[in-house]
Amino acid sequence: MTHYPRSTASIGGHPIHPMLIPFPIAFFVATFFCDLIFWRTGNLGWVSGSLWLLGAGLIMAALAAVAGLTDVLGDDQIRNLQDAWLHAGGNVLVVLIQLYNWYSRYAHGDAAVIPVGLALSLLVVVILLFTGWKGWEMVYRHHVGVADSPDERR
């Protein structure tokens with residue numbers, strides 16, 4: 001029987017990392033849309049919303065990163081996957097960009113959104129498309145976190 005790379009951060013056999021990653025993705029993509037709407041309307045409410053979305057995204061990204069790092073450190077097969085390192089590296093880059101983006105908005109308000117904040121938000125969405133692709137490669141191609149047998153799902 002094939003032994004697939006195992007997710008060490010799991011609850012009841014369900015990997016935690018894929019449970020958490022939709023949140024920062026949704027928050028960061030929503031930030032981009034808030035920036036677009038602010039750019040078109042000039043309504044400052046969208047700037048405030050984007051600041052909160054960035055903050056929530058960073059918190060959830062940190063939680064997802066802890067679970068992902070636990071998986072990487074807990075299984076040699078995962079550590080040996082180039083896709084895992086590309087996925088992780090791209091997501092670290094996303095967090096660094098969004099940390100700067102959040103701080104800039106916090107310090108400078110709406111002046112930080114157009115054009116730099118909007119460009120950074122777009123860049124993050126593009127990077128997330130790449131890291132999401134690599135995450136799916138890990139699950140569907142390399143079977144990371146896929147149970148070998150029904151007994152392992154418990």
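The coordinates are above.
Since the model is a prediction, treat every value here as computed from it, not as a measurement.

Conventions used here
- Residues numbered from 1 in each chain as written.
- Predicted model: local features only at pLDDT ≥ 70, side-chain atom pairs only at ≥ 80, totals over all residues.
- Heavy atoms only, no water.
- Phe/Tyr/Trp six-rings, centres within 6.5 Å; stacked < 30°, edge-to-face > 60°.
- Helix = DSSP H or I, 4+ residues; strand = E, 2+ residues; numbered from the N terminus.
- Lys NZ or Arg CZ within 6 Å of the ring centre and 35° of its normal.
- Polar contact = N/O pair within 3.5 Å; in protein donor to acceptor, adjacent residues only side chain to side chain.
- Contact = heavy atoms within 4.5 Å.
- Salt bridge = Lys/Arg side-chain N within 4 Å of Asp/Glu carboxyl O.
- Core = buried A, V, L, I, M, F, W, Y, C linked by side-chain atoms within 4.5 Å.
- Buried < 20%, exposed > 50% of the residue type's maximum accessible area, 1.4 Å probe, protein only.

### Side note on the packing of aromatic side chains
- Within this structure, the stated rule accounts for three aromatic pairs.
- Relative to Tyr-140, the ring of Trp-136 lies with its centre 4.9 Å away and its plane at 20 degrees, an arrangement referred to as stacked. Taken together, the residues span about one helical turn, with Trp-136 and Tyr-140 both in helix H6 (residues 113–141) at a distance of four residues.
- The positively charged end of Arg-40 is found above the aromatic ring belonging to Trp-39, 5.1 Å away from the centroid.

### Re the side chain of Gln-98
- Mapping Gln-98 onto the fold places it in helix H5 (residues 82–108).
- Of note is the side chain of Gln-98, whose polar atom sits 3.1 Å from the side chain of Asn-101.
- Not counting the four nearest positions on each side in its chain, Gln-98 is found in contact with Phe-28, Leu-54, Leu-58 and Val-124.

### Some thoughts on the pattern of salt bridges
- One pass over the structure, following the stated rule, counts five salt bridges.
- For Arg-79, the salt bridge goes to Asp-76, with nearest N and O atoms at 1.8 Å. With Arg-79 and Asp-76 both in helix H4 (residues 76–79) and three residues apart, this pair spans about one turn of that helix.

### A word on the nonpolar core
- Ranked by size, the top nonpolar core spans 10 residues in total: Phe-28, Leu-54, Leu-58, Ala-61, Val-94, Ile-97, Leu-120, Val-124, Ile-127 and Leu-128.
- When contributions to this core are tallied by element, the ones reaching two or more residues are helix H3 (45–74), H5 and H6.
- Top contributing element to this core by residue count: H6, with four residues.

### Notes on the environment of Ala-88
- Mapped onto the fold, Ala-88 is located in helix H5.
- Considered as a pair, Ala-88 and Gly-42 are 46 residues apart in the sequence and their alpha carbons are 35 Å apart.

### So, the environment of Pro-5
- Its place among the elements puts Pro-5 in the segment before strand E1 (10–11).
- Since its relative accessible area comes to 5%, Pro-5 is described here as buried.
- For the pair Pro-5 and Leu-81, spaced 76 residues apart in sequence, the C-alpha separation works out to 9.9 Å.

It is worth stressing that arrangement in space is one thing and function is another; only the former is reported here.
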